[in-house]
Amino acid sequence: MFEALSDKLTSVFSRFQNKGRITEKDLEEGLKEVRLALLEADVNFRVTRKFIDDVKARSIGKDVLESISPGQQIIKIVHEEMTSILGTESSTLSGGNQTPNVLMLVGLQGSGKTTTAAKLSLNLKRSGNKVMMIAADLRRPAAIDQLETLGKQLDISVYSDRSETDPIKLVQNGIAKAKHVEATWVLVDTGGRLHIDSELMRELQDIKKSLNPSETLMVVDSMTGQDAISSAQGFHDSIELTGLIMTKLDGDARGGAALSISQMTNLPIKFIGTGEKTDALEAFHPERMASRILGMGDVLTLVERAQEAFDHKQMQNLEQKMRKSSLTLEDFLQQIQQIQKMGSVGQILDMVPGFSSISRKLSTEDADGKGLKKVEAIIYSMTPAERNRPDIIKGSRRRRIATGSGTTPYDVNQLLNQFKQMQRMMKQISSGKIPRNLAGLFR
Amino acid sequence: MPCYHFLVVFRLIGKKEKVKDGLKRSKASWFSKILNVIQTSGIDDSVWDELEEMLILGDVGVSTATDLIEDLKQDARNNGTQDSHEVVDNLKAKLIELLSVAYPQDNDLGNDSNGPVVILMVGVNGVGKTTSIGKLAHYFVDQGKEVMFAAADTFRAAAIDQLQVWAERVGVDVISHKPGGDPAAVAYDALEAATARSKDILIIDTAGRLHTTHNLMEEVKKISRVLSRLDQTAPHEVFLVLDATTGQNGLMQAQVFAEAVGCTGVFLSKIDGSAKGGVVIPIVKDLGIPIMFMGTGESIEDITPFDPQQFVEELFSSDQ
């Protein structure tokens, strides 16, 4: 079967990294792997060809082949090339001076328009807007119910009219209502349709004409294959899009479609959907996306999440303890709990350079946080003395803790060993040595 | 144990004319290209390159495309083929063989219990599970079967309402709990009800779940387990609904769902678009999961049993 794109590229470039210099033949070999990986990640065939040609043209110059670290140079070129295709800067919603600003969501069936409408509304509401959603999908059974349910959950008003069969009249009435209640943003959820369905595309053109939206965003499933280009191009040609939203990026699809569509249409990707919850919408950062695809780790996102999750005072406190090597099991637990706030262990590892392969090896217990429950139970079953000086835990104490936490003495041992390992590594880190066996923490 | 007699029934009662309609719009443009390329006689490298390009653009996947072409090259060498038409015919034959090979030949096996045939519908978000269920029910009711629905998507907003609309259209009963309830409990109650009311078929709608979400995959395993408590042989069929626009991730989906709940077939939805649905080829080739049905539009009768020969013929047709 196939591995994730980042794994593939990592293995390709590790060959480069081990060599001081690379020959043109090495380059060809490496780029062949890049090509394969891109195609397996659903990057369009023609986009892939152009990408490879561009990278080759840039890499083959003297400055690269004679530089001290050609591998690094090529990684840089591949990364830059990818970032430039994905768009040069992260973009935000552009509202005009209209009241209300209108945003229209379009796309194929099942791409996630309704869920995205709710997520975007919540996002806009949180930044101080008065938002209204219009349920303009009149064909799919219960689409209106779905939007209304989401609206109720988020406390965002939804305009709907089950007796209206003409979507153009419906959106006009909706806009009138929005003006009346002085909404600042109106999000229009349209029905999914095929770009080759000329009748429904005409309908969409008419809706757009009557709305005059400041944003017309196409919602694209990140699992889409080679055809992503024709559907995006089809929508763009007939209603002129202003941007894209990639959904379902929380799965293991590497989002090759994003690269393809950006390349072919030059449209900016404005947001990405990363989960089923209504707040799982993130701004799109081309730089980060390229890094992620290339297996260089999404370090920026990790740093941001860490800042959200960590308490500064606690960190300072911890740093002192680290210096004095006086970390206790209590601290250990606290740290694991903090890390958990950043996402699942698997998700975090995916963001750390070179760690995506480890995250695949994690047992599912570790990956989804059930392991944490066990750790909590074990540590909570210890006396304060045991938590501060785990060394005193021997046979009978171990049995008592295991019974108290509903685990086995083996589990308790495993935890204690992990803790010891952590202490050792902390010592190494504070003395300036980087631990080699960071992976051991997760075994 | 999958009930093979169903597979056989599906294949025999197929409404094949619909395939042609569904595929006409999209497929012709793809494979007709192959024909154009190969019109020129003689075979050189550019022919193979373009064949590969077209297979990949059809979402067949790099490794499958490469394998197929290596095979074709070998054959061409062995047979001294000079005519590119022969190469295309050979490719057709290979694809048909590949897509047919997964079909179980043994039709003695089946639903050993006396209860209803239980079909569990699974898939990632937005592939069209609920719509496909509506169509399947219509298809079975047309054959005189008594069908019942279980609304086990208790998560997505208004999913139960959506299934209920389809149930009304087809005229079948739905067993449902409140939104947010335990989907396994819904499935259990539904199987009890379907047995009590002597239904022939129970179709269970489940929430869309990405195959990478551990908890949700455990949930669908639980549904399957709970069903087998009432009837050891249930669920008899587990259909993975696969969006035809999906790329190589479709193979991953099929693999993970198959490992979790043992898929017995694929329902290929949205084949009426311009996507080629080529990912079914590695799914059949590598995983041996047969493609059972195709969804060819938004209306209730837009369903057709999958027929490998017809599928491939349509892929190659150049009547546009």
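Relevant structure appears above.
This write-up is about the structure you can find in this document. (Residues numbered from 1 in each chain as written. Chains lettered and ligands numbered in written order. Predicted model: local features only at pLDDT ≥ 70, side-chain atom pairs only at ≥ 80, totals over all residues. Heavy atoms only, no water.)

1. A closer look at the packing of aromatic side chains
Residue and element names in this part refer to chain B. For the structure shown, the criterion picks out four aromatic pairs over all chains. With a centroid separation of 5.6 Å and an interplanar angle of 70 degrees, the aromatic rings of Y139 and F140 are classed as edge-to-face. Ring centres 5.3 Å apart and planes at 80 degrees place the aromatic pair Y139 and F293 in the edge-to-face group. With Y139 in helix α6 (residues 129-142) and F293 in strand β7 (residues 291-295), this pair connects stretches of sequence that are 154 residues apart. Like Y139, the residue F293 is buried in the burial classification. Three or more aromatic residues joined by ring pairs form one cluster here, namely Y139, F140, F239, F267 and F293. In this structure, R169 packs its charged tip against the face of W166, placed 4.6 Å from the ring centre. (Phe/Tyr/Trp six-rings, centres within 6.5 Å; stacked < 30°, edge-to-face > 60°. Helix = DSSP H or I, 4+ residues; strand = E, 2+ residues; numbered from the N terminus. Buried < 20%, exposed > 50% of the residue type's maximum accessible area, 1.4 Å probe, protein only. Lys NZ or Arg CZ within 6 Å of the ring centre and 35° of its normal.)

2. Here we look at the sheet that holds strand β4 (residues 201-206) of chain B
Residue and element names in this part refer to chain B. Spatial strand order, β3-β2-β4-β1-β5-β6-β7-β8: eight strands in an open sheet with mixed pairing. The open sheet has two edge strands with one neighbour each: β3 (173-175) and β8 (303-305). Taking the axes of each pair of neighbouring strands and ignoring which way they run, one obtains an average angle of 25 degrees across the sheet. Sitting on the sheet, helix α10 (residues 249-261) touches β1 (117-122) and β5 (237-243), and the angle it makes with β5 is about 165 degrees. (Pairing = 2+ DSSP bridges. Axes fitted to C-alpha atoms, helices over the stretch in contact; angles between N-to-C directions. Contact = heavy atoms within 4.5 Å.)

3. A short note on the interface of chain B and chain A
Contact with chain B, which involves 45 residues of that partner, is made by 40 residues of chain A. Together chain B and chain A conceal approximately 3700 Å² of surface at their shared face, both sides included; 59% is due to carbon and sulfur atoms. Counting every contact that joins chain B to chain A gives five salt bridges. Across the salt bridge formed by E53(B) and R49(A), the nearest N and O atoms sit 3.5 Å from each other. If you look at where chain B meets chain A, you find 14 residue pairs in polar contact (both at pLDDT 80 or more). Where the side of chain B that touches chain A is concerned, the elements lending two or more residues are α3 (45-57), α7 (159-170), α9 (214-230), α10 and α11 (280-287) of chain B. Broken down by class, the residue content of the side of chain B that touches chain A amounts to 15 nonpolar, 17 polar and 13 charged. (Buried area = accessible area lost by both parts, 1.4 Å probe. Salt bridge = Lys/Arg side-chain N within 4 Å of Asp/Glu carboxyl O. Polar contact = N/O pair within 3.5 Å; in protein donor to acceptor, adjacent residues only side chain to side chain. Nonpolar A, V, L, I, M, F, W, Y, C, P; charged D, E, K, R; others polar.)

4. Digging into the nonpolar core
Core analysis: the biggest nonpolar cluster contains 96 residues, and M121(B), L136(B), F149(B), L202(B), I203(B) and I204(B) have the highest contact counts within it. The dominant element in this core, judged by the number of residues it contributes, is helix α8 (residues 183-196) of chain B, at seven residues. Here M121(B) is in contact with K129(B), S132(B), I133(B), L136(B), I203(B), I204(B), T206(B), F239(B), V241(B) and F267(B), once residues within four sequence places are set aside. Grouped together as the second largest cluster of nonpolar side chains are 55 residues, L31(A), V47(A), I52(A) and L86(A) included. (Core = buried A, V, L, I, M, F, W, Y, C linked by side-chain atoms within 4.5 Å.)

5. A look at the environment of E313(B)
Position of E313(B) among the secondary structure elements: in helix α12 (residues 308-316). Counting along the chain gives 197 residues from E313(B) to P116(B), while the straight-line C-alpha distance between them is 36 Å.

6. Let's talk about the packing of helix α5 (residues 84-100) of chain B against α11(B)
Residue and element names in this part refer to chain B. Two elements in contact, α5 and α11, have axes separated by 8 Å at closest approach and are oriented at 60 degrees. Comparing their axes, α11 and α5 come out oblique. When the axes of α5 and α11 are compared, the crossing they make is left-handed. For the pair α5 and α11, contact is made by L95, L98 and L99 and by V280, I281, V284 and K285, respectively. A per-class count over the contact of α5 with α11 returns six nonpolar, no polar and one charged. (Parallel < 35°, antiparallel > 145°, perpendicular 65-115°, else oblique. Left-handed = near helix turned anticlockwise from the far one by under 90°.)

7. Thoughts on the pattern of salt bridges
Under the counting rule described, the total for this entry stands at 30 salt bridges over all chains. A salt bridge links E28(A) to K56(A), with the shortest nitrogen-to-oxygen separation between them at 3.4 Å. Here the residue E28(A) occupies a position in helix α2 (residues 24-40), and K56(A) occupies one in helix α3 (residues 45-59), the gap between them amounting to 28 residues. Each of E146(B), D173(B), R197(B) and K199(B) takes part in a single network of salt bridges with overlapping partners.

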